[in-house]
Amino acid sequence: CFSTVSSIPDSEMPNMLRISKLTDYGTLIVTHMATAPERVISAAELADTLGLGLATVSKVLKALGRHGLVLSQRGTRGGYVLTRPPEQISIADIIDALEEHAFGLTECSANSGVCNLESHCRIRDSWIRINAVVRDALQAVSIAEMTPAPLPEHAPTSGEHRVLGPNRLARHAG
């Protein structure tokens, strides 16, 4: 409930109300893949297209693969492909694959037995209920809903260019 009475030191407490950069990047990667869900795309192409580092993209893809969201295909035309239609992959699925800690708005709503006051806490049940509502909302939003509409086809004029990747994320940094 409170970090001062938790058995986990403050320095190790997870950031509960923000997703990590890797999860944000994972969402960016999966939404890009969702624009052509049957297409096999390499980590290098994803990194180049999205403006992310190859090592970061590879790390994200491996974690997504371990959780069954992408499938790795070897060979000269190898790469990664989504394992399910974008409508069947939720934001919660990506969070589960990429966040280090179990989803929870408070430590006690994510993991039982970590707070010294848990057995006598008067608000834990409310936090668990709130946590479930937030979790349900994340589960209800599919990657298909997050996938941006295709950009209109036109040739950029001089001085005009498309910006991808981290600049898209910078708008949301705060």
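Coordinates for the structure precede this section.
Throughout this document, residue positions are counted from 1 along each chain, in the order its sequence is written. Only residues with pLDDT of at least 70 get local features here, since the model is predicted, and only at 80 or more are side-chain atom pairs given and counted; chain-wide, interface and lining totals rely on the full set of residues. Note: side-chain values were computed over all heavy atoms of the structure, leaving out hydrogens and water.

Draft legend 1. Looking closely at the overall build of the chain. What counts as a helix is a DSSP run of H or I of at least four residues, what counts as a strand is a run of E of at least two, and both are numbered from the N terminus. What the chain contains, in helices and strands, is eight helices and two strands. The linear arrangement of helices and strands in the chain, starting from the amino end, is α-α-α-β-β-α-α-α-α-α. Burial classification: accessible surface area is computed with a 1.4 Å probe over protein chains only, and a residue below 20% of its type maximum counts as buried, one above 50% as exposed, and the rest as partly exposed. Out of the 174 residues belonging to the chain, those deemed buried represent 33%. Partitioning the contacts of the chain with sequence separation of at least 6, the portion at a separation of at least 24 is 66%. Working rule for contacts: check all heavy atoms of both residues, and any pair within 4.5 Å makes them a contact.

Draft legend 2. Layout of helix 1 (residues 21–34). Helix span is expected to be 1.5 Å times the residue number reduced by one. For helix 1, built from 14 residues, the straight-helix expectation of 20 Å at 1.5 Å per residue is met to within 8% by its first-to-last C-alpha distance of 20 Å. Burial of helix 1 is extensive: ten of the 14 residues sit out of reach of the surface. Of all the positions in helix 1, only T23, Y25, G26, T27, L28, I29, V30, T31, M33 and A34 are classed as buried.

Draft legend 3. Local environment of the nonpolar core. Core analysis: the largest hydrophobic core is formed by 28 residues, its most contacted members being I29, M33, L46, V57, L61 and L64. Those elements giving two or more residues to this core turn out to be helix 1, helix 2 (43–50), helix 3 (54–66), strand 2 (79–82) and helix 4 (91–98). No other element matches the six residues that helix 1 contributes to this core. Once residues within four sequence positions are removed from consideration, V57 is found in contact with I29, A43, L46, A47 and L52. Nine residue types can take part in a nonpolar core, namely buried Ala, Val, Leu, Ile, Met, Phe, Trp, Tyr and Cys, and a core is a set of them joined through side-chain atoms within 4.5 Å.

Draft legend 4. Representation of the pairing of strand 1 (residues 70–73) within the structure. Here four bridges tie strand 1 to strand 2, and the two strands are oriented antiparallel to one another. Bridging from a neighbouring strand, S72 pairs with Y80 of strand 2. Note: two strands are recorded as paired if DSSP finds a minimum of 2 bridges between them. In this antiparallel pair of consecutive strands, strand 1 and strand 2, the connection spans five residues, and G75 shows a positive phi of 115°.

Draft legend 5. Quick look at a nonpolar patch on the surface. The patch calculation keeps residues exceeding 30% relative accessible area without a salt bridge and links them within 9 Å when they carry like charges or within 5 Å when they are nonpolar (Val, Leu, Ile, Met, Phe, Trp, Tyr). The Shrake-Rupley method, run with a 1.4 Å probe, gives the accessible areas here. Residue values count only the displayed protein chains as cover. Note on definitions: salt bridges are taken to be side-chain nitrogens of Lys or Arg within 4 Å of carboxyl oxygens of Asp or Glu. Among the surface-exposed residues, I123, W127 and I130 lie close enough to one another that they form a single nonpolar patch of about 240 Å² accessible area. Checked against the element boundaries, W127 lands in helix 6 (residues 124–140).

Draft legend 6. Representation of the packing of helix 1 against helix 3. The angle between two axes is taken between their N-to-C directions and runs from 0 to 180 degrees, where each axis is a line fitted to C-alpha atoms and a helix contributes only its stretch in contact. Where helix 1 meets helix 3, the axes come as close as 10 Å, and the angle between the chain directions of the two elements is 80°. As summarised for this structure, helix 1 and helix 3 are arranged roughly perpendicular, according to the angle between their axes. Touching L22, Y25, G26, I29, V30 and M33 of helix 1 are T56, V57, K59, V60, L61 and L64, all from helix 3. Geometric relationships in this document are graded by angle, where less than 35 degrees denotes roughly parallel, more than 145 denotes roughly antiparallel, 65 to 115 denotes roughly perpendicular, and other angles denote oblique.

Draft legend 7. Layout of the packing of helix 2 against helix 3. Following both chains from N to C, one finds helix 2 and helix 3 inclined at 125°, their axes separated by 9 Å at the closest point. Of the possible angle classes, the one that applies to helix 2 and helix 3 is oblique. Crossing of helix 2 over helix 3 shows right-handed handedness. Touching A43, A44, L46 and A47 of helix 2 are L54, V57, S58 and L61, all from helix 3. As a working rule, the residues Ala, Val, Leu, Ile, Met, Phe, Trp, Tyr, Cys and Pro are called nonpolar, Asp, Glu, Lys and Arg charged, and the rest polar, with Gly in that last group. Looking at the contact of helix 2 with helix 3, its residues break down into seven nonpolar, one polar and no charged. A crossing counts as left-handed when the near helix is turned anticlockwise from the far one by less than a right angle, and as right-handed when that turn is clockwise.

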